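# A look at the structure
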Amino acid sequence: MKSAVETLNPTRVRLTVEVPFEELKDSLDAAYKKINQQVTVKGFRKGKIPARVIDQRFGRGAVLEEAVNDALPKFYTEAVNEAELNVLGQPEVDITELKDGETLNFTAEVDVRPAIEIPDYSGIEVEVDAVEVTDEDIEKSVEQLRERFAATSPVERAAEDGDVVTIDLQAKVEGEVLEDGVAEGVSYTIGSGELLDGIDDAVKGLEAGGETTFTSELKGGSAAGKEAEVTVKVTQVAARELPELDDEFAQLASEFDTLEELRADSRKRLENMKQYDQATQAQERVLEKLLELVEVPVPEKLLEDEINTRKHNLEHHQLGQMGLDLGKYLEIQGKTEEEFETETREAAVKGIKTQFVLDELVKQEKLNVNQEELTEHLMRRAASSGMSPDQFAQAVVEGGQVPVLVGEVARGKALAVVVEAATVKDTNGEVIDLEDEDEVDETETAAEVAAEATDGDAAEVTETTEVKTEG
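Residues numbered from 1 in each chain as written. Predicted model: local features only at pLDDT ≥ 70, side-chain atom pairs only at ≥ 80, totals over all residues. Heavy atoms only, no water.

Under an unreviewed UniProt entry, the name given to the chain is Trigger factor, and the source organism is Streptomyces dysideae. For the record of the chain, the UniProt heading Sequence similarities (unreviewed entry) holds the text "Belongs to the FKBP-type PPIase family. Tig subfamily." (UniProt positions renumbered as here; feature names shortened; annotations may be inferred.)

Written as structure tokens, this is what we have:
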């Protein structure tokens, strides 16, 4: 077999392959064997029909077609490996010449990873928010904890802000009660914003037994997005009683003996959260700067596939779970369809560029993923998916997605390398040393940032040398 490569553009090549006919022998033998098992000829046992009889009865062309379909993937793969190409997706194959007993010639056009040159990134500088925890932040955190330990007791008066009311609801659309629009015994805290728009104003001022009707746009269910006439009846009003902020409360709500110890712990936890947010912000901004430094051509077919995948995931998974369609989603977001298309395309371009650049860095820096890093990433991905680690791991293995997770961790390590080389300052002008963070955690947060940029739910930019043809 002989092959040659023609570069059509930075992301696409054409392979020209010439195969001597004798190299088709194994595929021809397999074709005769396959046809033997599929057909019946009087006078011959199944599977024992001579090749000359198959040629006479069914035509040599049928045999050649079957043989070529069997052989093409192997010869294509050999040509790809010989040329050391990093191909993306499936090729467009065209058989240019097939002469029985002489030769098989074909071409294959396919997208390839572009050659990327990573420039010196040590000069990258970014600014991030300073880690500042105020007394107000601490009091807000303690107050939220206090709210969780509030007690309620029924009262015989009109409902007020902060009260917990027990209500029955009935929603009608165009005069018809919805099958999923009736609920009884719902507990609701006035002012929490957890139910329908307008319900706070509707129930305030009502005593137990009071009833009123208001209109609201439904957020979910069978009539999501439609205006509904909602009847609400209050069956109980309960006042919330907050515990006193003292040492006794600290002992009730935490493992600490004093309120001051509880406040000190709240400060520490808030600082840790803000440091995590600061590290994430640094990684995101360093990634943006890195992408600005690198010229990355994007294969058009790959880009279109990525855009379609992102749209499909949004419409059929995320919005579907919320009972929304794309039109309603855009209305809520205040975006036009053109703006949505532009944003989706820009995000897809960024995702592909991020993957190409970080993959090149993985190769350049010779980065590997160890078991501890992969396990940590799997645990976090499981938590975000709502599955147990065992369930998530099983789904990953069964779906053949282990290389995808390895790729995410490797890209996270590559991004961490760039962040370590960059200068990160906070808004107070102080240089931030992110290396103080635990190494596994730093890699994991970087992996999450990289996965977010590439859209973990979208198509993975994979390399493949498989090709299937149909006669």
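### Concerning the overall build of the chain
A count of helical and extended segments in the chain gives 14 helices and 11 strands. On C-alpha atoms alone, the chain measures out to a radius of gyration of 32 Å, which is more than a quarter above the 23 Å that the 2.2 N^0.38 rule sets for 471 residues. The principal-axis extents of the C-alpha atoms in the chain amount to approximately 100 × 60 × 40 Å. Taking the intrachain contacts of the chain between residues at least 6 apart in sequence as the baseline, contacts between residues at least 24 apart amount to 71%. Counting every atom, the chain has about 26500 Å² of accessible surface; 44% of that belongs to carbon and sulfur. (Helix = DSSP H or I, 4+ residues; strand = E, 2+ residues; numbered from the N terminus. Rg over C-alpha atoms; globule rule 2.2 N^0.38 Å. Contact = heavy atoms within 4.5 Å. Areas by Shrake-Rupley, 256 points an atom, 1.4 Å probe, with all protein chains shown as cover.)

### Some details on the pattern of salt bridges
Across all of its chains, the model carries 37 salt bridges by this definition. We note a salt bridge from glutamate 92 to arginine 12, for which the minimum N-O separation is 3.6 Å. Residue glutamate 92 is found in strand β3 (residues 87-99), and its partner arginine 12 is found in strand β2 (residues 12-20); the two are separated by 80 residues along the sequence. With a relative accessible area of 54%, glutamate 92 lands in the exposed category. Arginine 12 serves as the salt-bridge partner of aspartate 111, at 3.0 Å between the closest nitrogen and oxygen. Here the residue aspartate 111 occupies a position in strand β4 (residues 103-112), and arginine 12 occupies one in strand β2, the gap between them amounting to 99 residues. Note on accessibility: aspartate 111 and arginine 12 belong to one class, buried. The structure contains a network of salt bridges with shared partners spanning Glu6, Arg12, Arg14, Glu92, Glu109 and Asp111. (Salt bridge = Lys/Arg side-chain N within 4 Å of Asp/Glu carboxyl O. Buried < 20%, exposed > 50% of the residue type's maximum accessible area, 1.4 Å probe, protein only.)

### So, the packing of helix α10 (residues 337-365) against helix α13 (residues 402-421)
Contact geometry for α10 and α13: axes closest at 8 Å, N-to-C directions at 80°. The pairing of α10 with α13 is recorded here as roughly perpendicular in orientation. Contacts between α10 and α13 pair Gln355, Leu358, Asp359, Leu361, Val362 and Glu365 from the former with Ala410, Arg411, Ala414, Leu415, Val417 and Val418 from the latter. Looking at the contact of α10 with α13, its residues break down into eight nonpolar, one polar and three charged. (Axes fitted to C-alpha atoms, helices over the stretch in contact; angles between N-to-C directions. Parallel < 35°, antiparallel > 145°, perpendicular 65-115°, else oblique. Nonpolar A, V, L, I, M, F, W, Y, C, P; charged D, E, K, R; others polar.)

### Here's the deal with the nonpolar core
Ile124, Leu290 and Leu361 are the most contacted members of the largest nonpolar core, which totals 41 residues. Within the residue set of this core, elements represented by two or more residues are β5 (125-128), α7 (259-293), α8 (300-322), α10, α13 and α14 (439-454). Considering each element in turn, this core owes the most residues, seven residues, to α10. By size, the runner-up hydrophobic cluster in this structure holds 32 residues, among which are Val19, Ala31, Val68 and Leu72. (Core = buried A, V, L, I, M, F, W, Y, C linked by side-chain atoms within 4.5 Å.)

### Some details on the UniProt feature "domain: PPIase FKBP-type" (unreviewed entry) in the chain
As recorded in UniProt, the feature "domain: PPIase FKBP-type" (unreviewed entry) lies at residues 162-215. Note that residues 162-215 is 9% helix and 54% strand, and that its end C-alpha atoms are spaced 22 Å apart.

### Concerning the packing of aromatic side chains
Here the structure, examined in full by the defined rule, presents one aromatic pair. On the numbers, 6.3 Å between centres and 85° between planes, the contact of phenylalanine 149 with phenylalanine 249 is edge-to-face. Of the two residues, phenylalanine 149 sits in the loop between α4 (135-148) and β6 (151-154) while phenylalanine 249 sits in helix α6 (residues 247-253), which places them 100 residues apart along the sequence. For phenylalanine 149, a relative accessible area of 30% corresponds to the partly exposed category. (Phe/Tyr/Trp six-rings, centres within 6.5 Å; stacked < 30°, edge-to-face > 60°.)

### Concerning the side chain of aspartate 426
Secondary-structure assignment places aspartate 426 in strand β11 (residues 423-426). Although aspartate 426 is buried, it forms no salt bridge, and the closest oppositely charged side chain is lysine 425 at an N-O distance of 9.1 Å. At 2.8 Å, the side chain of aspartate 426 forms a polar contact with the backbone nitrogen of asparagine 428. With sequence-adjacent residues up to four places away left out, aspartate 426 is seen in contact with Glu127, Val128, Asp129, Ala130, Gln278 and Ile432. (Lys, Arg positive; Asp, Glu negative; His and termini not counted. Polar contact = N/O pair within 3.5 Å; in protein donor to acceptor, adjacent residues only side chain to side chain.)

### Section: the sheet that holds strand β1 (residues 2-9)
Sheet strands pair by backbone hydrogen bonding; their relative direction is either parallel or antiparallel. Pairing in this open sheet of four strands is antiparallel, and the strands run β1-β2-β4-β3 from one edge to the other. In this open sheet, the two edge strands, each paired with only one partner strand, are β1 and β3. Sheet twist, expressed as the mean angle between neighbouring strand axes with direction ignored, is 20°. Both β3 and β4 contribute to a ladder of nine bridges, which runs antiparallel. Each bridged residue has a counterpart across the sheet, and for leucine 88 the counterpart in β4 is aspartate 111. Packing of helix α3 (residues 60-83) onto the sheet brings it into contact with β1, β2, β3 and β4, and relative to β3 it is tilted by some 125°. (Pairing = 2+ DSSP bridges.)

### Observations concerning the environment of serine 254
Checked against the element boundaries, serine 254 lands in the loop between α6 and α7. Sequence-wise, serine 254 and serine 388 are 134 residues apart; in three dimensions their C-alpha atoms are separated by 27 Å. In terms of polar contacts, serine 254 uses its side chain to reach the backbone carbonyl oxygen of alanine 250, at 2.6 Å. Among the polar contacts listed, one links the side chain of serine 254 to the backbone nitrogen of phenylalanine 256, at a separation of 3.1 Å.

### Section: the side chain of arginine 263
Within the secondary structure, arginine 263 is located in helix α7. Note on arginine 263: relative accessible area 19%, which makes it buried. Engagement of the side chain of arginine 263 in a polar contact is seen with the side chain of glutamate 139, the distance being 2.8 Å. With near-sequence residues (within four places) excluded, arginine 263 lies in contact with Ile138, Glu139, Val142 and Leu245.

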